[in-house]
Amino acid sequence: MAKSAEQEHPTKAFGWAATDTSGVLSPFKFSRRETGEKDVRFKVLYCGICHSDLHMAKNDWGMSTYPIVPGHEIVGIVTEVGSKVEKFKVGDRVGVGCMVGACHSCDSCDNDLENYCPKMIFTYGAPYHDGTTTYGGYSDVMVAEERYVVRIPDNLPLDAGAPLLCAGITVYSPLQHFGLTKPGMHVGVAGLGGLGHVAVKFAKGFGVKVTVISTSPSKKKEAIEHLGADYFLVSRDPDQMQAAMGTMDGIIDTVSAVHPLLPLIGLLKSQGKLVMVGGPNRPLELPVFPLLMGRKVVAGSCNGGMKETQEMIDFAGKHNITADVEVIPMDYVNTAMERLEKADVRYRFVIDIGNTLKSA
């Protein structure tokens, strides 16, 4: 088993955890498992803050078990590999995203869609194969089975690349699966936040025409001049929406608040696809008649399998796609969570674990 000199206490770990539904995080000591024969251990350098981290810390979805160490946009440097690891070596730049396990025997797993396995294991707050609870990336060290580790391209900065392991794959996968990647196509992106801004970048990377659909007219300059969108629609402007009806091949809907679907369905061409990747906490009203008359599709998508995640991060490296991030020290995390709840971030917080966790 190849080891680096710094890995003296392989089972000891340190991070920040929420211990109750207040969601407030504080320093927390725990253990990582020993590096198994198929495991990769790495020193965590950066971890993005996803909106789901906030929900899980506060048990908004009723599935949290405390203490909970959040974080599933985790990047760092390999410090140890198991004897049967084939793809990685000490010193490699790697990352772990939303999951760390699955059954490996169902149809989904057989088709490289571990993310849809009924026994998929989340990176944090879930029971692992050995009965322990998984802990995420707000910590100094990570251990994961080789299958769930991705290689980060050398030209991709680790801090701005980290959010791609959740936000990136969440928008890349539906663009690919629903055939919205052909140059000349017209794709809408509803919502311009952590997911939306990355969706614009990936869609432009594929060479499609992109329209950002937002309730905020103030985001027009940002969308077009900085992110590279071709057009901008204010969804609350009936004249703008009417003029764009029937013009889009597909829409990636990243909005996590309750919102009307009818205006978005109206923007689609016949046989167009509205793909939901945001997670509103209440059911949305779905008007059926407009779907029937245009053979339109409303679908959902949730991150992606490991093969596709590696493809996504390689595509990002090739096209220089990164998230727009605000890098913060570990001890700023609770303030960052408060700001995230108010959507006061452009567009993703990333914790500088490597330089600030110990000092915190």
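Just so it is clear, the structure is predicted and the values come from calculations on it, not from any experiment. (Residues numbered from 1 in each chain as written. Predicted model: local features only at pLDDT ≥ 70, side-chain atom pairs only at ≥ 80, totals over all residues. Heavy atoms only, no water.)

### A look at the overall build of the chain
Line of reasoning, step 1. Scanning the chain from terminus to terminus reveals 12 helices and 18 strands.
Line of reasoning, step 2. Its C-alpha atoms give the chain a radius of gyration of 20 Å, within 12% of the compact-globule value 21 Å for 360 residues.
Line of reasoning, step 3. Taken over the C-alpha atoms alone, the chain extends approximately 65 × 40 × 35 Å along its principal axes.
Line of reasoning, step 4. Burial analysis of the chain (360 residues in total) assigns 55% to the buried set.
Line of reasoning, step 5. In the chain, the share of contacts with a sequence separation of at least 24, taken over all contacts with a separation of at least 6, comes to 67%.
Line of reasoning, step 6. Summed over its atoms, the accessible surface of the chain is roughly 15700 Å², and 51% of this surface lies on carbon and sulfur atoms.
Line of reasoning, step 7. Taking the 36 positively charged and 40 negatively charged side chains of the chain as two groups, their mean positions are separated by 3 Å. (Helix = DSSP H or I, 4+ residues; strand = E, 2+ residues; numbered from the N terminus. Rg over C-alpha atoms; globule rule 2.2 N^0.38 Å. Buried < 20%, exposed > 50% of the residue type's maximum accessible area, 1.4 Å probe, protein only. Contact = heavy atoms within 4.5 Å. Areas by Shrake-Rupley, 256 points an atom, 1.4 Å probe, with all protein chains shown as cover. Lys, Arg positive; Asp, Glu negative; His and termini not counted. Charge placed at Lys NZ, Arg CZ, Asp CG, Glu CD.)

### Topic: the sheet that holds strand 15 (residues 268–276)
Line of reasoning, step 1. The strand order across the open sheet formed by six strands is 13-12-11-14-15-16, and the pairing between neighbours is parallel. The open sheet terminates on both sides in strands that have one partner only, identified here as strand 13 (231–234) and strand 16 (297–300). With direction set aside, neighbouring strand axes in the sheet form an average angle of 20°.
Line of reasoning, step 2. As judged from the four bridges shared by strand 15 and strand 16, these two strands associate in the parallel manner. From the neighbouring strand, Lys273 faces strand 16, where its bridge partner is Val297.
Line of reasoning, step 3. In the packing of helix 5 (residues 194–206) onto the sheet, the strands contacted are strand 11 (186–190) and strand 12 (209–214), and the crossing angle to strand 12 comes to about 165°. (Pairing = 2+ DSSP bridges. Axes fitted to C-alpha atoms, helices over the stretch in contact; angles between N-to-C directions.)

### Topic: the UniProt feature "domain: Enoyl reductase (ER)" (unreviewed entry) in the chain
Line of reasoning, step 1. Mapped onto the present numbering, the UniProt feature "domain: Enoyl reductase (ER)" (unreviewed entry) falls on residues 23–351.
Line of reasoning, step 2. A helix fraction of 26% and a strand fraction of 25% characterise residues 23–351, whose end C-alpha atoms lie 17 Å from each other. (UniProt positions renumbered as here; feature names shortened; annotations may be inferred.)

### Quick look at helix 4 (residues 167–177)
Residues that lie three or four places apart on an α-helix share one face, since the helix turns once every 3.6 residues.
Line of reasoning, step 1. Within helix 4, nine of the 11 residues are buried, which leaves it mostly tucked inside the rest of the structure.
Line of reasoning, step 2. All buried positions along helix 4 are accounted for by Ala167, Gly168, Ile169, Thr170, Val171, Tyr172, Ser173, Pro174 and Leu175.
Line of reasoning, step 3. Gly179 lies just past helix 4 and shows a positive phi near 65°.

### Things to note about helix 5
Line of reasoning, step 1. Across its 13 residues, helix 5 extends 19 Å between first and last C-alpha, which sits within 8% of the 18 Å expected from 1.5 Å per residue.
Line of reasoning, step 2. Burial analysis of helix 5 places 11 of its 13 residues in the buried class, the great majority of the element.
Line of reasoning, step 3. Among the residues of helix 5, those classed as buried are Gly194, Leu195, Gly196, His197, Val198, Ala199, Val200, Lys201, Phe202, Ala203 and Phe206.
Line of reasoning, step 4. Structurally, helix 5 contributes buried residues whose contacts are with helix 4, strand 11, strand 12, helix 10 (306–319) and strand 18 (348–352). (Expected span 1.5 Å × (residues − 1).)

### Some details on the packing of aromatic side chains
Line of reasoning, step 1. Applying the stated rule across the entire model yields eight aromatic pairs.
Line of reasoning, step 2. Both rings, one in Phe28 and one in Tyr135, keep their centres 5.7 Å apart while their planes meet at 65°; by these two values the pair is edge-to-face. Of this pair, Phe28 sits in strand 3 (residues 25–31) while Tyr135 sits in the loop between strand 8 (121–122) and strand 9 (141–145), and the two are 107 residues apart along the sequence.
Line of reasoning, step 3. For Phe28, a relative accessible area of 17% puts it in the buried group.
Line of reasoning, step 4. Its relative accessible area of 17% is what places Tyr135 among the buried residues.
Line of reasoning, step 5. Aromatic ring contacts, followed pair by pair, group Tyr172, Phe202, Phe206 and Phe315 into a single cluster. (Phe/Tyr/Trp six-rings, centres within 6.5 Å; stacked < 30°, edge-to-face > 60°.)

### Some remarks on the packing of helix 4 against helix 10
Line of reasoning, step 1. Across the interface, helix 4 lies against helix 10 with an axial gap of 10 Å and an inter-helix angle of 100°. Accordingly, the angle class assigned to the pair helix 4 and helix 10 is roughly perpendicular. Each of Gly168, Ile169, Tyr172, Ser173 and Gln176 in helix 4 lies in contact with helix 10, whose residues at this interface are Glu308, Thr309, Glu311, Met312 and Phe315.
Line of reasoning, step 2. For the contact of helix 4 with helix 10, the class distribution of residues is four nonpolar, four polar and two charged. (Parallel < 35°, antiparallel > 145°, perpendicular 65-115°, else oblique. Nonpolar A, V, L, I, M, F, W, Y, C, P; charged D, E, K, R; others polar.)

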